[in-house]
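Residue strings, one per chain:
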Amino acid sequence: MRVIIVGAGIGGLVTALHLHEAGIECEVYERSETIRELGVGINLLPHAVGPLAELGLLEPLREIAVETRELRYAHRLGHTILSKPCGLAAGYQVPQFSIHRGRLQGLLYRAVVERLGADGVRTGHRLTGFSQRAEGVGAMFADRSGRPLGEREGDILVAADGIHSTVRAALLPDEGAPRWNGVLMWRGATEWPAYLDGRTMIVAGGNEAKLVLYPVGAGASADTRLTNWALCVKAGSPGDPPPRREDWSRPGDRGEVGPHIPRFRIPEVDVAALIAATPEIFEYPMCDRDPAPLWTQGRVTLLGDAAHPMYPMGSNGAGQAIQDAVSLVRCLRERADPVAALRAYEDERRPVTGDIVLRNRVGGPERVIDEVERRAPDGFAHLDDVIDPAELDRIVASYAAATGMPRSTG
Ligand SMILES: Cc1cc2nc3c(=O)[nH]c(=O)nc-3n(C[C@H](O)[C@H](O)[C@H](O)COP(=O)(O)OP(=O)(O)OC[C@H]3O[C@@H](n4cnc5c(N)ncnc54)[C@H](O)[C@@H]3O)c2cc1C
């Protein structure tokens, strides 16, 4: 069995590591010339950390990430709506990590090269097409200039090639571009004095205007942290074409962010100063795709954002890609026929992730904030006067269960 993986993002690299553990041969093909540590912060919930711990990566993750202890949902004007313990503090066996996406990708890449050898990841290989035969699949690649690099043979092809997946476009030729929900998101990370316990994530505001803050790494001194922020504002209507194509590395315009900052009051952090101090900011229109009617055709399947791009609510983008990897490798181990294994993988993962895509469209767990802001747009003195806190717990618990998070004991 030989697996061709397209894309060396989080999904592709974790798939390679789990295949290797299972004794299944694989190679990863990545269009970028080098693996550059791009992106800003992401969160790994315990059900995403577990499969990384099984790969022996818990200690290396601890060295570069922050073990998130608390998640606080707040009104845009600062009042706390709900506060939940996270990871070990919530009774899970493994922590929740807030981490710089690029550092996570770098860690996974080095692990793949160490375990699979230097040829485990072939950079500078852009997938241009594939062909299937009864006994295998051929994948065609080209370099950056478009020069063909020939065809590689495998038993199956796993497309972990992100929101603009070439393979998805071939499987679903009428699908078109990703769908924008009208929200523009600016993101950045910079060294900043630790706030609260130095391990707390704050999500303030609902779908109209949201600010997300969390530390993702140590700072130069004990009382600073590499601090990630994301500011999201409604700038269009769902289904409108985004002002600029979705590209995770697109630089943002500071002048466009500034007018939105006064919409938030976060007592613990001087948000205007934090954003002003951030050397590089990025812009991304919040895009997803409708749940796909199929992921698999014979010996070819989709994984991660290629299969289920979703709005970044509820910290599930990378986590669901990791869950896909675990499921795919288990299905391949359990079935001798690769075509049957891919079908079983799709049957297991497509309904679950399609449900998360739809839940994220209405805010995911962060819907608790929308619910409170709708009833109390100018804030509140006592939360009990606005909503029954049990209702908030129900929203959060129902989302967590849908994403495959086991119940915490905390
Ligand atoms: C540069 C970058 C920065 C990001 N920054 C953030 C962030 O700050 N916050 C956040 O929440 N999420 C971010 N994301 C998205 C996040 O990584 C994903 O939602 C999640 O980790 C699932 O990852 P994935 O592996 O499925 O897809 P991705 O992380 O998108 O990885 C897909 C990979 O496939 C490669 N690829 C694409 N097409 C081809 C092709 N034809 N042939 C070969 N290779 C191909 C891409 O170069 C990329 O390396 C970022 C993604 C990228 C690519």
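Let us now look at the overall build of the protein chain. The helix and strand inventory of the protein chain stands at 11 helices and 18 strands. Relative to the globule expectation of 22 Å for 410 residues, the C-alpha radius of gyration of the protein chain, 21 Å, shows essentially globular dimensions. In terms of principal-axis extent, the alpha carbons of the protein chain reach across some 65 × 45 × 45 Å. Every one of the 410 residues in the protein chain was classed for burial, and the buried ones make up 55%. A separation threshold of at least 6 residues defines the contact pool for the protein chain, and within that pool the share at least 24 residues apart is 74%. Here the protein chain displays about 16,700 Å² of accessible surface, and carbon together with sulfur accounts for 49% of that area.

In the vicinity of the ligand lie 29 residues, with Gly 11, Glu 30, Arg 101, Arg 187 and Asp 305 positioned nearest. One of the backbone nitrogen or oxygen atoms of Ile 10 is found 3.3 Å away from an oxygen atom of the ligand. Only helix 1 (10-21), strand 3 (41-44), strand 9 (126-133) and helix 8 (317-334) provide two or more residues apiece to the shell around the ligand. Here the residues of the shell around the ligand sort into 10 nonpolar, 12 polar and 7 charged.

Moving on to unusual backbone geometry. In this structure, Leu 196 is a non-glycine residue whose phi angle is positive, near 45°. Mapped onto the fold, Leu 196 is located in the loop between strand 13 (179-193) and strand 14 (200-204). Exposure remark for Leu 196: the relative accessible area of 41% places this residue in the partly exposed category. Positive phi outside glycine occurs at Ser 315, with the angle close to 55°.

Turning to the nonpolar core, a few remarks are in order. One finds Leu 44, Leu 108, Leu 157 and Val 167 to be the most contacted residues of the largest nonpolar core, which totals 65 residues. The element best represented in this core is helix 8, accounting for 7 residues. When near neighbours in sequence (up to four residues on either side) are disregarded, Val 167 contacts Leu 127, Phe 130, Leu 157, Ala 159, Asp 161, Val 300 and Leu 302. Counting residues in hydrophobic clusters, the runner-up holds 58 residues, among them Trp 229, Ile 261, Met 313 and Val 386.

Calculation rules
The residue count restarts for each chain, going from 1 along the sequence in the order it is written. Predicted model: local features are reported for residues with pLDDT of at least 70 only, side-chain atom pairs are reported and counted for 80 or more only, and whole-chain, interface and lining totals are derived from all residues. In computing side-chain properties, one takes all heavy atoms of the structure into account and sets aside hydrogens as well as water. Think of it this way: any DSSP run of H or I at least four residues long counts as a helix, any run of E at least two long counts as a strand, and we number them from the N terminus. Note on method: radius of gyration uses C-alpha positions; expected globular size equals 2.2 Å times residues raised to 0.38. Residue burial is assigned from relative accessible area. The probe radius is 1.4 Å, only protein chains are included, and a residue is buried under 20% of its type maximum, exposed over 50%, and partly exposed in between. Residue contacts are defined here by distance: any two heavy atoms, one from each residue, within 4.5 Å place the two residues in contact. Using the Shrake-Rupley algorithm and a 1.4 Å probe, accessible areas are obtained, with residue cover drawn only from the displayed protein chains. Whether a residue is near a molecule or strand depends on its heavy atoms: it is near if one of them lies within 4 Å of it. Here a polar contact means two N or O atoms within 3.5 Å. Within protein one must be a hydrogen donor candidate and the other an acceptor candidate, and residues neighboring in sequence count only if both atoms are side-chain atoms. The classification used treats Ala, Val, Leu, Ile, Met, Phe, Trp, Tyr, Cys and Pro as nonpolar, Asp, Glu, Lys and Arg as charged, and all other residues, Gly among them, as polar. Among the buried residues, those of types Ala, Val, Leu, Ile, Met, Phe, Trp, Tyr and Cys that are joined through side-chain atoms within 4.5 Å form a nonpolar core.

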